[in-house]
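# Close look at the chain arrangement
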2 protein chains.
Amino acid sequence: MKVLSNASIYGLRALIYVASQKNEKEYVSIREMSESMDISFHFLTKILQTLTKNGILYSSRGPHGGVALTRPPGQVFMVEIVKILEGEDYFDTCFLGHPDCGIAAPCPMHDFWINVKSVFLDRFEKTSLEELSAKIKEGKLRL
Amino acid sequence: MKVLSNASIYGLRALIYVASQKNEKEYVSIREMSESMDISFHFLTKILQTLTKNGILYSSRGPHGGVALTRPPGQVFMVEIVKILEGEDYFDTCFLGHPDCGIAAPCPMHDFWINVKSVFLDRFEKTSLEELSAKIKEGKLRL
DNA sequence: TTGGTTTAAGACAATTTAGTCCCAAAAGAA
DNA sequence: TTCTTTTGGGACTAAATTGTCTTAAACCAA
Ligand code: SF4
Ligand code: SF4
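Described in the following lines is the structure provided in the data block. (Residues numbered from 1 in each chain as written. Chains lettered and ligands numbered in written order. Predicted model: local features only at pLDDT ≥ 70, side-chain atom pairs only at ≥ 80, totals over all residues. Heavy atoms only, no water.)

### Considerations on the pattern of salt bridges
All names here are of chain B. One pass over the full model with this rule turns up 8 salt bridges over all chains. Between Glu 80 and Arg 71 there is a salt bridge, with the nearest N and O atoms lying 2.8 Å from each other. The exposure class of Glu 80 is partly exposed, given its relative accessible area of 29%. Between Arg 123 and Glu 131 there is a salt bridge, with its nearest N and O atoms 3.7 Å apart. (Salt bridge = Lys/Arg side-chain N within 4 Å of Asp/Glu carboxyl O. Buried < 20%, exposed > 50% of the residue type's maximum accessible area, 1.4 Å probe, protein only.)

### Some thoughts on the protein's contact with DNA strand C
By nearness alone, 23 residues border DNA strand C, and Ile 30 and Ser 59 of chain A together with Ser 40, Phe 43 and Arg 61 of chain B come closest of all. Among the atoms of DNA strand C lying within 4 Å of the protein, the sugar-phosphate backbone contributes 60%. Here a phosphate oxygen of DNA strand C and a backbone polar atom of Asn 6 of chain B are 3.2 Å apart. In this structure, a base nitrogen belonging to DNA strand C sits 2.8 Å away from a side-chain N or O atom of Arg 61 of chain B. Listing elements by their share of the surface near DNA strand C, those giving two or more residues are helix H3 (41-53) and strand E1 (57-60) of chain A together with helix H1 (6-19) and helix H3 (41-53) of chain B. A total of 5 residues in the surface near DNA strand C trace back to one element, the largest contributor, which is H3 of chain A. (Near = heavy atom within 4 Å. Polar contact = N/O pair within 3.5 Å; in protein donor to acceptor, adjacent residues only side chain to side chain. Helix = DSSP H or I, 4+ residues; strand = E, 2+ residues; numbered from the N terminus.)

### Some remarks on the layout of surface pockets
Residues and elements named next belong to chain B. Its volume calculated, the largest pocket comes out at about 260 Å³. In terms of lining, the largest pocket is formed by 13 residues, of which the most central are Ile 30, Thr 45, Ser 60, Gly 66 and Val 67. Going through the elements one at a time, helix H2 (30-37), H3, strand E1 (57-60) and strand E2 (66-69) are the ones with two or more residues in the lining of the largest pocket. Counting residues per element, the lining of the largest pocket draws most heavily on H3, which supplies 5 residues. Class assignment for the residues of the lining of the largest pocket results in 4 nonpolar, 8 polar and 1 charged. (1 Å grid on protein atoms, 1.4 Å probe; cavity = no way out; pocket = protein on both sides within 12 Å on 5 of 7 lines; lining within 4 Å. Points joined across faces, edges and corners; volume = space filled by probe spheres on them. Nonpolar A, V, L, I, M, F, W, Y, C, P; charged D, E, K, R; others polar.)

### Structural notes on the protein's contact with DNA strand D
Near DNA strand D, the surroundings consist of 23 residues, among which Ser 40, Phe 43 and Arg 61 of chain A together with Ile 30 and Ser 59 of chain B are the closest. Within 4 Å of the protein, the atoms of DNA strand D are drawn from sugar and phosphate moieties in a proportion of 61%. A distance of 3.5 Å separates a base nitrogen of DNA strand D from a polar atom in the side chain of Gln 49 of chain B. Taking Gly 62 of chain B, its main chain carries an N or O atom lying 3.3 Å from a sugar or linking oxygen of DNA strand D.

### Here's the deal with the relation of the copies chain A and chain B
Each of the two copies of the chain can be brought onto the other by a rotation about an axis and a shift along it. Its rotation angle being 180°, the transformation that places chain A on chain B also includes 0.0 Å of axial translation and leaves an RMSD of 0.0 Å. What the rotation and shift describe, once combined, is the action of a two-fold rotation axis. Taking the C-alpha atom as reference, chain A places Val 3 of chain A closest to the rotation axis, 3.0 Å from it. The fraction of interface residues of chain A whose copies in chain B are also interface residues reaches 100%, indicating that both copies meet through the same surface. (Least-squares fit on C-alpha atoms with pLDDT ≥ 70 in both. Contact = heavy atoms within 4.5 Å.)

### Focus on the packing of helix H4 (residues 78-86) of chain B against helix H5 (residues 110-126) of chain B
All names here are of chain B. Direction vectors running N to C along H4 and H5 enclose 115°, while the axes themselves pass 6 Å from each other. Taken together, the axis directions place H4 and H5 in an arrangement best described as roughly perpendicular. Of the residues in H5, those touching H4 at Met 78, Val 79 and Val 82 are Leu 121, Phe 124 and Glu 125. For the contact of H4 with H5, the class distribution of residues is 5 nonpolar, no polar and 1 charged. (Axes fitted to C-alpha atoms, helices over the stretch in contact; angles between N-to-C directions. Parallel < 35°, antiparallel > 145°, perpendicular 65-115°, else oblique.)

### Thoughts on the interface of chain A and chain B
Contacts between the two partners involve 36 residues from chain A and, on the opposite side, 36 residues from chain B. Buried surface at the junction of chain A and chain B, both sides included, amounts to about 3600 Å², of which 72% is carbon and sulfur. Applying the counting criterion to the chain A and chain B interface returns 0 salt bridges. Inspection of the chain A/chain B interface yields 6 residue pairs in polar contact (both at pLDDT 80 or more). If you list the elements that add at least two residues to the side of chain A that touches chain B, you get helix H1 (6-19), helix H5 (110-126) and helix H6 (129-137) of chain A. When residues of the side of chain A that touches chain B are assigned to their parent elements, the largest contribution, 8 residues, is made by H5 of chain A. In terms of residue class, the side of chain A that touches chain B is made up of 23 nonpolar, 4 polar and 9 charged. (Buried area = accessible area lost by both parts, 1.4 Å probe.)

### Concerning the nonpolar core
Counting 90 residues, the largest nonpolar core has Met 33, Phe 120 and Phe 124 of chain A together with Met 33, Phe 120 and Phe 124 of chain B as the members making the most contacts within it. Other than its neighbours up to four places away in sequence, Phe 120 of chain B contacts Met 1, Phe 112, Trp 113 and Val 116 of chain A together with Val 3 and Phe 91 of chain B. (Core = buried A, V, L, I, M, F, W, Y, C linked by side-chain atoms within 4.5 Å.)

### What to know about unusual backbone geometry
Residue and element names in this part refer to chain A. Even without a glycine there, the phi angle at Asp 38 is positive, about 60°. Among the structural elements, Asp 38 can be located in the loop between helix H2 (30-37) and H3. You can call Asp 38 exposed: its relative accessible area is 73%.

### Re the packing of aromatic side chains
Under the definition given, this model contains 14 aromatic pairs over all chains. An aromatic cluster is defined as three or more aromatic residues linked by ring pairs; in this entry it consists of Tyr 90, Phe 91, Phe 120 and Phe 124 of chain A together with Phe 95, Phe 112 and Trp 113 of chain B. Taking NZ or CZ as reference, Arg 31 of chain B lies 3.9 Å from the ring centre of Phe 41 of chain B, over its face. (Phe/Tyr/Trp six-rings, centres within 6.5 Å; stacked < 30°, edge-to-face > 60°. Lys NZ or Arg CZ within 6 Å of the ring centre and 35° of its normal.)

Following this line, the structure appears as structure tokens:
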């Protein structure tokens, strides 16, 4: 079972990496992240570019360049990242892939699906990069 | 958000279609199903072939041929279909795509993810084709 | 200013998923 | 038998996702 594309997963992991940095103001090198997390450098670069375009990250070229968060990790929530990388309609899907249905006479999976989606949305809305990076900072989890 | 591939969705819908048939013993034509549900005939055929190979369906060629359930709809559960069409390891995934991790120092999403997967597994284990086809039989839901 | 470093951008290739097509094989009817 | 209908099986194409590569642009330091 997979609910996020590789692009979203890599983007999320990189943001957690950045958020877990000691010095919040310093740029983090994409090369360093890609090697540390064993993700293709160019692929990760492309993903982070869209996060930069969408205002999640600052970026700077040249020596000591890289990317940095535009906001404190406690103010960046998963839901925003997922909507940027997966699409704005991420939570507007039907379990069976129907374009529209279910209002009048929903199928037996409808209530389940609506509920699952709201659980995901709720969790994504409440989980910040700060929370996600907490255990990394303590050195308790690899990324 | 998508948790099932198109192949699984089409396979499930076709099984629901078969299960909602009045005469349980009669073969249902794949052509009829593909046209009624607006699914590619050849694609659906291929999917139903793997379900036949895996003992979910009988099949017969020629006039009045088609597919039929090997068991009563009340004895066929979603979990079996999903594991056949998505792979046996469908429920053995990590939220962040790691091959192994989390036992010692799980990430903040681990508990959430484990819980979500068990909710899915539980529901898939308890939902039979009979339940899924109930509303169709009443004519209350399109497929 | 010159050269090295690093992100930006976009073309390109590989892989996976989705879908199409053709022909063989089986079943039924004439 | 012979013809038609319908599934079986595999090759093929299309599209989406994933990943690679090359060059340009920005930044820094000597
Ligand atoms: S009723 Fe079922 S098929 Fe219709 S939108 Fe809800 S989940 Fe999808
Ligand atoms: S701890 Fe997090 S990253 Fe590790 S297996 Fe669990 S969900 Fe995946």
